[in-house]
Amino acid sequence: MLDVEKNGHILELYIKTNETNSLGREFFRKFRDVLEQAENDRSVKSILLSGRNDKFFSNGFDPEIFVGKNLEEIKEVLREALGACGRVLFSPKPVVCAMNGHSMGVGAVIAIFSDYRILVEKKGRLGFPESLIGINFPSTAGTVLKDLVGMKTARDLLYSGRGLKADEAVQVGLVEESASPEEVILKARKWCSQFQDMAMESVVGVKIALRDSQRLLADTLEKRDVDLLAQAIASSNGQEGMKSIQERRRPVFT
């Protein structure tokens, strides 16, 4: 579900779950544990995150973890999932996300929680389709998105649920650059290379300086994010949205 490779000072993580690289509970547990280990490994200067699937970096949550579940069960899953995502946002090691295909929902959240982003050209889309499946968007992720692209662009992306092509994502500042399928990992490694000869104290210190204000906000919003998202998923419209993903159809909301 997560291939782990050490490449010199770079820890390379590759999502490998299913045909759409959707993410379930076991993935988030493994992801959290690997990131925690990386935090304590001084030989790791940076983390590269990508996918093994040639079409999807990640299509978001696996709906199986939510369909037919009660509110408390959904909250329990979300605590683990959002906690693992927070490990990316607040990792003391810089994270470079090489999106080798579509990046949607929680997959896109992991991407914006990374420090640098590259999106594959032509076949790659980056978007937040929560409004299209009847659920809401966590406030911590919304704050990070606003910091990246500004309030108006964040508003339009979240209300429309539209996926951006690579050139569009570069234009609005959502990703650093685009790349061909052959170049996406090579370019990600190049972004990682800037940290190779830096003192670890500098790498960690700069990351803390950039993220501390977001950390304080995330700590305040953590319970609210879980509660509101769980309520939306447990609602009749949220369950319909999750079932529509499973059944590969448009949802019908009431």
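If you check an unreviewed UniProt entry, the protein chain appears there as Enoyl-CoA hydratase from Leptospira neocaledonica.

Colleague: Requested: an account of the packing of aromatic side chains, with residues and values cited.
Modeller: One pass over the full model with this rule turns up 7 aromatic pairs. With a centroid separation of 5.2 Å and an interplanar angle of 25°, the aromatic rings of Phe27 and Phe31 are classed as stacked. Residue Phe27 and its partner Phe31 are both found in helix 1 (residues 25-39); the two are separated by 4 residues, about one turn of the helix. Assigned by exposure class, Phe27 and Phe31 land together as buried. Here a set of aromatic residues connected by ring pairs shows up, and it is made of Phe27, Phe28, Phe31, Phe61 and Phe66. Lying over the aromatic face of Tyr14, Arg52 brings its terminal NZ or CZ to 4.0 Å of the ring centre.

Colleague: Please set out the sheet that holds strand 6 (residues 102-104) residue by residue, giving values where relevant.
Modeller: Strand order in the open sheet formed by 3 strands is 4-6-8, and the pairing between neighbours is parallel. Edge positions in the open sheet fall to strand 4 (56-58) and strand 8 (126-127), since each of these has one partner strand only. Bridge count for strand 6 against strand 8 is 2 bridges, and the pairing is parallel. Note that in strand 8 the partner of Ser103 across the bridge is Leu126. Set on the sheet, helix 3 (residues 106-113) makes contact with strand 4, strand 6 and strand 8; between it and strand 6 the angle comes to about 95°.

Colleague: Outline the nonpolar core, supporting the account with residue identities and numerical values.
Modeller: Nonpolar side chains tend to gather and get buried jointly when the protein is soluble and globular. Judged by nonpolar contacts, the single largest core of 62 residues is most densely connected at Leu13, Phe28, Phe31, Phe66, Leu78, Phe113 and Leu174. The element that contributes the greatest number of residues to this core is helix 2 (residues 71-89), accounting for 8 residues. Formed by 15 residues, the second largest nonpolar core is a distinct cluster that contains Ile10, Leu48, Ile118 and Ala188.

Colleague: Account for the sheet that holds strand 9 (residues 177-179), with residues named and values stated.
Modeller: Here 6 strands make up an open sheet; going across it, the order is 1-2-3-5-7-9 and the pairing mixed. Only two strands of the sheet have a single partner each, and these edge strands are strand 1 (2-7) and strand 9. Each strand of the sheet is rotated relative to its neighbour by a mean of 20°, with strand direction disregarded.

How each quantity is defined
- The written sequence of each chain sets the order in which its residues are numbered from 1.
- At least 70 in pLDDT is required for a residue's local features to be given in this predicted model, at least 80 for side-chain atom pairs to be given and counted, and no such filter applies to totals for whole chains, interfaces and linings, which use all residues.
- Just so you know, side-chain values use all the structure's heavy atoms and leave hydrogens and water out.
- Here a Phe, Tyr or Trp ring, Trp counted by its six-membered ring, pairs with any other such ring whose centre lies within 6.5 Å, and the pair is stacked when the planes are under 30 degrees apart, edge-to-face when over 60, and tilted otherwise.
- Helix and strand definitions follow DSSP, with helices as H or I runs of at least four residues and strands as E runs of at least two, each counted in order from the N terminus.
- Per-residue accessibility, obtained with a 1.4 Å probe over protein chains only, is compared with the maximum for each type, and a residue is labelled buried under 20%, exposed over 50%, and partly exposed between these values.
- In our convention, an over-ring charge means Lys NZ or Arg CZ found within 6 Å of a ring centre and within 35 degrees of that ring's normal.
- Each pair of strands is called paired provided DSSP finds at least two bridges between the two strands.
- In what follows, residue pairs with any heavy atoms lying within 4.5 Å of each other are defined as contacts.
- Axis definition: a line fitted to C-alpha atoms, over the contacting stretch in the case of helices. Angles run 0 to 180 degrees between N-to-C directions.
- Residues grouped as a nonpolar core are buried Ala, Val, Leu, Ile, Met, Phe, Trp, Tyr and Cys residues, joined through side-chain atoms within 4.5 Å.

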